[in-house]
Amino acid sequence: MATIIFHIDVNSAYLSWTAVEQLKNGAEVDLRTIPAIIGGDQKSRHGIVLAKSISAKKYGIRTGEPVANAFRKCPNLVTAAPNHKMYREKSRQLMDYLRTYTTGIEQVSVDECYMDFTKIADKFASPVAAACEIKDGVKNKFGFTVNIGISSNKLLAKMASDFEKPDKVHTLFPEEVPVKMWPLPINELFMAGKSSVDTMKKLEINTIGDLAKADPALIELHLKSHGRMLWNFANGIDDSQVQSKPSEAKGIGNSTTLSEDAATYEEVQKVFKSLAQSVGGRLKKAGQKAMMVSMEVKYHNFQTMSHQKQLSKPTDKEEEIYDAACQLFLESWNGEPVRLLGIRTAKLVDASEPEQLSIFDIKIPEKPDEKHQKLNKAMEEIRKKFGDSAVMKASEMK
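### Looking at the pattern of salt bridges
A side chain with one charge may pair with a side chain of the opposite charge, provided their charged atoms come close. Per the stated rule, a full pass over the model turns up 18 salt bridges. Residues Asp9 and Lys165 are paired through a salt bridge, measuring 3.9 Å at the closest nitrogen-oxygen approach. Remark: Lys165 occurs in the loop between α6 (154-161) and β8 (169-171) and Asp9 occurs in strand β1 (residues 5-10); sequence separation between them is 156 residues. A relative accessible area of 9% places Asp9 in the buried class. According to the relative accessible area criterion, Lys165 is partly exposed, its value standing at 43%. Among the ionic pairs, Glu112 bridges to Lys158, the shortest N-O distance being 3.1 Å. Highlighted residues: Glu112 in strand β6 (residues 112-116) and Lys158 in helix α6, separated in sequence by 46 residues. Each member of the pair Glu112 and Lys158 is classed as buried. Overlapping salt bridges, with partners in common, bring together Glu89, Arg92, Asp96 and Arg99 in one network.

Next comes the structure, spelled out in structure tokens:
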């Protein structure tokens, strides 16, 4: 049975949910039909843009920019303050509705999820017909719209759901990748953060197709394991499964929700420094070392993203954990403000276990101590018997 995955994404969730609630309470104007944003308030114009209408987008207003900038672009802009309690309730209602089709749902943020359609495919004329039924059902039942992307894996389903909006169903099966995905700019590839995009543009990789056709060894040389993952994504390769039940993470980690969104890398570094100290201290207290470090981000719009890497050797050192988290963040950060940051370590080993050292880990003392002096004396006896080329002094082993 061929695997079929849906990616379901609410169109401009915060704005849509706010508009639906306002209309229900007697509002005469639908925020979705005028230049409007969610973020800050009309009088103070503080905060950042969390969501925007299609009309606001035409003025060049971007998600994540300061509200004050948005008003400079469009003086007659209408804004509404966010209501996260209401958003969580709308999200719960949506997920409950989707689970009437199947329990194979993996929610990845407040406004998006994956659905494993495979086991229920035989109940519908086609995946597209089923997606249209779900899309229209959401609109009729709740008053807001969704985009649904369809493919044989999660990566391509998500890419498909980002095609033309709103209220659309799109397919992106592997055979459609060269036509539908490869012409797109490289920054539109999932998990291609600003740092990675800048590096690839220096290599004259400007489209997803350029990356797909590039030498993966070259990409890996410049972007390490993240580069290999991006090359796989550009070629439509993804073997991750829909996780309808959260997997139990066996590891040690810590995360924090920021009092104010972090908008710069320098702000993020300070948070990671504190988290790395906490995680390193907990590893030491537990007598554990970690072979893997993962970094978690929740953006201002509650979209989540995580990225991980395997270490060359186990560690409980906060400096190494910090460096790994920062590297992972730079590889995948999309440049938008961050609400939550986390560091988690996994693949733990007992700190007392013998550690295999490489030749670069072996340090020879500048001046031989008493132990090495005795060793040199023994070696001298061997040298006399077998010749000078048989051994060398410890002081010469540098």
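That shown, we press on.
### Some thoughts on the side chain of Thr345
Checked against the element boundaries, Thr345 lands in strand β12 (residues 338-350). Once residues within four sequence positions are removed from consideration, Thr345 is found in contact with Lys250, Gly251, Ile252, Val279, Leu283, Ala290, Met292, Val293 and Ile321.

### Observations concerning the nonpolar core
The biggest cluster of nonpolar side chains holds 55 residues, and the ones touching the most others in it are Leu189, Leu211, Phe272, Phe329, Leu341 and Ile343. Among the elements that take part in this core, helix α11 (residues 265-286) stands out by supplying eight residues, more than any other. Apart from the residues lying within four places of it in its own chain, the contact partners of Leu341 are Asn254, Ser255, Thr256, Val268, Val271, Phe272, Leu275, Glu296, Val297 and Phe329. With 42 residues, the next largest nonpolar core counts Ile8, Ala51, Ile105 and Phe117 among its residues.

### Brief notes about the side chain of His300
In this fold, His300 is placed in the loop between β10 (288-299) and β11 (304-315). Judged by its relative accessible area of 0%, His300 falls in the buried class. In contact with His300, not counting residues within four places along its chain, are Tyr14, Ile48, Val49, Leu50, Thr63, Gly64, Asp261, Glu336, Pro337 and Arg339.

### Some words on the sheet that holds strand β2 (residues 36-38)
With mixed pairing, three strands are arranged side by side in an open sheet as β3-β2-β4. This sheet does not close on itself; its edge strands, each paired only once, are β3 (51-52) and β4 (78-80). Direction of pairing for β2 relative to β3: antiparallel, over a ladder of two bridges. The partner of Ile37 across the bridge, within β3, is Lys52. Contacts from helix α1 (residues 13-24) reach β2, β3 and β4 within the one sheet, and its direction differs from that of β2 by about 105°.

### Observations regarding α1
What sets the pattern is the α-helix's 3.6 residues per turn: residues three or four places apart point alike. The end-to-end C-alpha distance of α1 is 16 Å, a good match for the 16 Å that twelve residues give at a rise of 1.5 Å each. Among all positions of α1, only Ala13, Tyr14, Leu15, Ser16, Trp17, Thr18, Ala19 and Val20 are buried. Looking at the buried residues of α1, the elements they touch are β1, β2, β3, β4, α4 (84-98) and α5 (127-142). Positive phi appears at Gly26, one or two residues downstream of α1, with a value of about 100°.

Analysis parameters
- Residues numbered from 1 in each chain as written.
- Predicted model: local features only at pLDDT ≥ 70, side-chain atom pairs only at ≥ 80, totals over all residues.
- Heavy atoms only, no water.
- Salt bridge = Lys/Arg side-chain N within 4 Å of Asp/Glu carboxyl O.
- Helix = DSSP H or I, 4+ residues; strand = E, 2+ residues; numbered from the N terminus.
- Buried < 20%, exposed > 50% of the residue type's maximum accessible area, 1.4 Å probe, protein only.
- Contact = heavy atoms within 4.5 Å.
- Core = buried A, V, L, I, M, F, W, Y, C linked by side-chain atoms within 4.5 Å.
- Pairing = 2+ DSSP bridges.
- Axes fitted to C-alpha atoms, helices over the stretch in contact; angles between N-to-C directions.
- Expected span 1.5 Å × (residues − 1).

Worth remembering: the numbers are spatial, not functional.
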